[in-house]
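Here are the chains, one letter per residue:
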Amino acid sequence: ETLSSLPYPDVETQVTIAVTDGTADWNDETFVLDVTSDHATCRPASDDRDPDAELDVATLGQLVVGYRSATALARSGRIETASPAVPETLAELFPETTVYLRDRF
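Please read all numbers here as calculations on a predicted model, not as lab measurements.

Asks: Now, about helix 2 (residues 57-65): what can you tell me, with residues and values included?
Replies: Looking at helix 2, one finds that the buried residues are T59, L60, Q62 and L63. The buried residues of helix 2 all sit within an arc of 160° when viewed along its axis, so they share a single face. Buried positions along helix 2 lie against strand 1 (13-20), strand 4 (53-56), helix 3 (70-75), strand 5 (79-81) and helix 4 (86-93). In this structure D56 caps helix 2, since a side-chain oxygen of it lies 3.1 Å from the backbone nitrogen of A58. Just beyond helix 2, the residue with positive phi is G66, at close to 85°.

Asks: Give me the lowdown on the pattern of salt bridges, citing residues and values where you can.
Replies: What the rule picks out here adds up to 2 salt bridges. For R49, the salt bridge is made with D47, and the minimal N-O distance between the two is 2.9 Å. Given a relative accessible area of 30%, R49 falls into the partly exposed group. D47 gets classed as partly exposed once you look at its relative accessible area, which sits at 38%. In this structure, D56 and R78 form a salt bridge, with 3.8 Å as the shortest nitrogen-oxygen distance. Of the two residues, D56 sits in strand 4 while R78 sits in the loop between helix 3 and strand 5, which places them 22 residues apart along the sequence. Relative accessible area serves as the criterion here: at 28%, R78 is assigned to the partly exposed category.

Asks: Describe in detail helix 4, supporting the description with residues and values.
Replies: Within the span of helix 4, buried status applies to V86, P87, L90 and L93. Down the axis of helix 4, the buried side of the element spans an arc of 125°, and every buried residue falls inside it. Where helix 4 is buried, its residues contact strand 1, strand 2 (29-35), strand 4, helix 2, helix 3 and strand 5.

Reading the values: the criteria
- Residues numbered from 1 in each chain as written.
- Predicted model: local features only at pLDDT ≥ 70, side-chain atom pairs only at ≥ 80, totals over all residues.
- Heavy atoms only, no water.
- Buried < 20%, exposed > 50% of the residue type's maximum accessible area, 1.4 Å probe, protein only.
- Helix = DSSP H or I, 4+ residues; strand = E, 2+ residues; numbered from the N terminus.
- Arc of directions from axis to C-beta.
- Contact = heavy atoms within 4.5 Å.
- Polar contact = N/O pair within 3.5 Å; in protein donor to acceptor, adjacent residues only side chain to side chain.
- Salt bridge = Lys/Arg side-chain N within 4 Å of Asp/Glu carboxyl O.

See below:
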């Protein structure tokens, strides 16, 4: 649901993402993220397609908030991809940004 509600750049692409989650088995799933210029949908894959990218839920969180780039995550082995073009697609969908926490811990 979260990936469906995020704002995305003006791109049209589809990427299949296999997510693993060691704390919530229900989240171990392969999802299809379909982004068009006016909306995005993310749904479980209805077939046994091979994923474009495989990552754990913590890595997905870093990617979504822009903490680390898809390229850096792939280079460090946190994202496994089926093609060298997949990190570029993910980087376009989830651009790296400076993360700033105003609260002082």
